[in-house]
Amino acid sequence: MYAKFFKRLIDFILSVIALIVLSPVLLVLTVIGAIAMKGNPFFLQPRPGKKGKDGKEKIFKLIKFRTMSNAKDKDGNLLPDDQRLGKYGAWLRSTSLDELPELANIAVGHLGICGPRPFLVRDCVFMTEEQRRRHDVRPGLTGLAQVNGRDELPIDVKARYDGEYAAHLTFWMDLKIFFRSITYV
């Protein structure tokens, strides 16, 4: 009952409250980001979401604050990531504030607060059926893999945690992940 109905309701209510409460912070970061990035402060990227009735992942646009500039070399190619990541972007990442716009993804139903962190669309091609079980549930802002090692985990270990989450989703698991995420960040 929780996974089918209450989880989405709780995610919606909490994300709307967070958007309202954090709106001054979001506004300030949007203005600073527009100045620091010399333009659009947002980064949109297609990500695979929960499977639809057809069994295929629904693709949505994940929204974050941009952390890298669009600086290009003399031939018009983007510079390497390490050259495009400035102090502001590094600070956003270190504080996880670059993730705040994802509250809008949660409010509209693309993400949940807790769930498997969405991989890139291109990664779906390489997933086994077992690894694709992660898409049986709505992806999340934070998840079981994130509170057990975050980016330090190899992709197969992340996928195992994500599969475990999808198979055993409960209110108590979400609550545990939520509070562990707060202490982790």
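Values in this document were obtained by computation on a predicted structure and should not be read as measured data.

Q: Hey, could you run me through the pattern of salt bridges in this one?
A: Should their charged atoms come close, side chains of opposite charge can pair. Tallying each qualifying case throughout the model produces ten salt bridges. Asp 174 is paired through a salt bridge with Lys 7; the nearest N and O atoms lie 3.0 Å apart. Taken together, the positions of Asp 174 in helix α8 (residues 171-184) and Lys 7 in helix α1 (residues 2-21) put the pair 167 residues apart, joining distant regions of the chain. Look at Asp 174 and you get buried, because its relative accessible area is 5%. You can call Lys 7 buried: its relative accessible area is 6%. Taking the shortest distance from any N to any O, the salt bridge between Glu 99 and Arg 117 comes out at 2.6 Å. Of the two residues, Glu 99 is situated in the loop between α4 (87-95) and α5 (102-108) and Arg 117 in the loop between β3 (112-114) and α6 (129-132); the sequence distance between them amounts to 18 residues. The class for Glu 99 is buried, based on a relative accessible area of 15%. Under the relative-accessibility criterion, Arg 117 is labelled buried at 13%. Through salt bridges with shared partners, one network takes in Lys 64, Asp 98, Glu 99, Glu 102 and Arg 117.

Q: I tried to follow the layout of surface pockets on my own but got confused; where do I start?
A: The gaps left among the atoms become clear once a water-sized probe is rolled over them. Roughly 1,600 Å³ of volume is contained in the largest pocket. Around the largest pocket sit 48 residues that line it, and Lys 64, Glu 99, Arg 117, Leu 141 and Arg 150 are the ones nearest its centre. For the lining of the largest pocket, the secondary structure elements donating two or more residues are α1, β1 (42-51), β2 (57-65), α4, α5, β4 (140-142), α7 (155-167) and α8. Of the residues assigned to the lining of the largest pocket, the class counts are 25 nonpolar, nine polar and 14 charged. Taken as a whole, the second largest pocket spans an internal volume of roughly 260 Å³. Taken together, Ala 3, Lys 4, Lys 7, Arg 8, Lys 50, Asp 136, Val 137, Arg 138 and Leu 169 make up the lining of the second largest pocket. Considering every element that reaches the lining of the second largest pocket, the biggest residue donor is α1, with four residues. When the residues that make up the lining of the second largest pocket are grouped by side-chain class, the tally is three nonpolar, no polar and six charged.

Q: Any chance you could explain the pairing of β1 here in plain terms?
A: Strand direction decides the pairing type here: β1 and β2, joined by eight bridges, are antiparallel. Residue pairing across strands places Phe 43 opposite Lys 64, the latter belonging to β2. The hairpin turn running from β1 into β2, its antiparallel successor, is five residues long, and Gly 55 in that turn takes a positive phi close to 85°.

The rules behind the values
Residues numbered from 1 in each chain as written. Predicted model: local features only at pLDDT ≥ 70, side-chain atom pairs only at ≥ 80, totals over all residues. Heavy atoms only, no water. Salt bridge = Lys/Arg side-chain N within 4 Å of Asp/Glu carboxyl O. Helix = DSSP H or I, 4+ residues; strand = E, 2+ residues; numbered from the N terminus. Buried < 20%, exposed > 50% of the residue type's maximum accessible area, 1.4 Å probe, protein only. 1 Å grid on protein atoms, 1.4 Å probe; cavity = no way out; pocket = protein on both sides within 12 Å on 5 of 7 lines; lining within 4 Å. Points joined across faces, edges and corners; volume = space filled by probe spheres on them. Nonpolar A, V, L, I, M, F, W, Y, C, P; charged D, E, K, R; others polar. Pairing = 2+ DSSP bridges.

Any functional reading would require information that these geometric values do not contain.
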